[in-house]
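Residue-level structure breakdown
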Amino acid sequence: MVPQVPQVPVDPVRDRWQAAMRLALDEARRAVRGGDVPVGAVVLSPDGTTVLATGHNEREATGDPTAHAEILAIRRAAARLGEWRLNGCTLVVTLEPCTMCAGAIVQSRIDRVVYGARDEKAGAAGSLWDVIRDRRLNHRPEVVEGVLAADCARLLTDFFRDR
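Residues numbered from 1 in each chain as written. Predicted model: local features only at pLDDT ≥ 70, side-chain atom pairs only at ≥ 80, totals over all residues. Heavy atoms only, no water.

1. Section: unusual backbone geometry
Despite not being glycine, Arg109 shows a phi value in the positive range, around 70°. On the secondary structure map, Arg109 appears in the loop between helix H5 (99-108) and strand S4 (112-117). Residues other than glycine seldom take positive phi values, yet Leu148 does so here, at roughly 50°. Counting through the fold element by element, Leu148 comes out in the loop between strand S5 (142-145) and helix H6 (149-161). (Helix = DSSP H or I, 4+ residues; strand = E, 2+ residues; numbered from the N terminus.)

Here's what the structure looks like:
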């Protein structure tokens, strides 16, 4: 009898976004160099492969309380497209968006949010609140959670442990 190799479960929905999440993790590491919480974001064009913009937390570096990775990436993507509507675009972010970022996601008409680690204390994409998919709003992006979640969570845990 030949021993069987355990199969790693394949999740095509989450696996599709791993490359983009790795880019977001690279952005998150840049935040640490600026003394900020390691959160990184990437906005992808409607084809799902072209990077329109990136961002990482810059609150400490800029003194701007709205300088979250998602907000900065959304602003940069809109500037690049010359359009505030980001229809068809995907936002990939290492940490579940907060309420401020969730509002910006809905207002910018992003079609999909992909995130890594859940934020049980301030998450607004399914854990504490679910602003992004609130049926009372006129736009409800798809949410894909848990992409490279362990890597995203480890980066945050290491950051706060060292503080």
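Anyway, onward from the coordinates.
2. Here we look at the UniProt feature "active site" (unreviewed entry) in the chain
Under the UniProt annotation, the feature "active site" (unreviewed entry) is placed at Glu70. Its location among the elements puts Glu70 in helix H4 (residues 69-81). The contact partners of Glu70, leaving out residues within four places of it in the chain, are Val39, Ala41, Leu91, Val93, Leu95, Pro97, Cys98 and Cys101. (UniProt positions renumbered as here; feature names shortened; annotations may be inferred. Contact = heavy atoms within 4.5 Å.)

3. Quick look at the pairing of strand S2 (residues 51-56)
Examined bridge by bridge, strand S1 (residues 40-44) and S2 share 5 bridges and lie antiparallel to one another. Following the sheet pairing, Val42 is matched in S2 by Thr54. Hairpin remark: S1 followed by S2, antiparallel, with 6 residues in the connecting loop; positive phi at Gly48, about 80°. (Pairing = 2+ DSSP bridges.)

4. Some points on the UniProt feature "binding site: Zn(2+)" (unreviewed entry) in the chain
Within this numbering scheme, the UniProt entry marks His68, Cys98 and Cys101 as carrying the feature "binding site: Zn(2+)" (unreviewed entry). Maximum C-alpha separation among the annotated residues is 9.3 Å over a sequence range of 34 residues, consistent with a single clustered spot. Those annotated residues lining the largest pocket are, specifically, His68 and Cys98. Position of His68 relative to the elements: it lies in the loop between helix H3 (59-62) and H4. The residues contacting His68, other than those within four sequence positions of it, are Asn57, Arg59, Cys98, Met100 and Cys101. (1 Å grid on protein atoms, 1.4 Å probe; cavity = no way out; pocket = protein on both sides within 12 Å on 5 of 7 lines; lining within 4 Å.)

5. Examining the packing of H4 against H5
Direction vectors running N to C along H4 and H5 enclose 20°, while the axes themselves pass 9 Å from each other. In terms of their interaxial angle, H4 and H5 are classed as roughly parallel. In this structure, the crossing between H4 and H5 has a hand that is left-handed. Across from Glu70, Ile71 and Ile74 in H4, the residues of H5 making contact are Met100, Cys101, Ala104, Ile105 and Ser108. Of the residues belonging to the contact of H4 with H5, the class tally is 6 nonpolar, 1 polar and 1 charged. (Axes fitted to C-alpha atoms, helices over the stretch in contact; angles between N-to-C directions. Parallel < 35°, antiparallel > 145°, perpendicular 65-115°, else oblique. Left-handed = near helix turned anticlockwise from the far one by under 90°. Nonpolar A, V, L, I, M, F, W, Y, C, P; charged D, E, K, R; others polar.)

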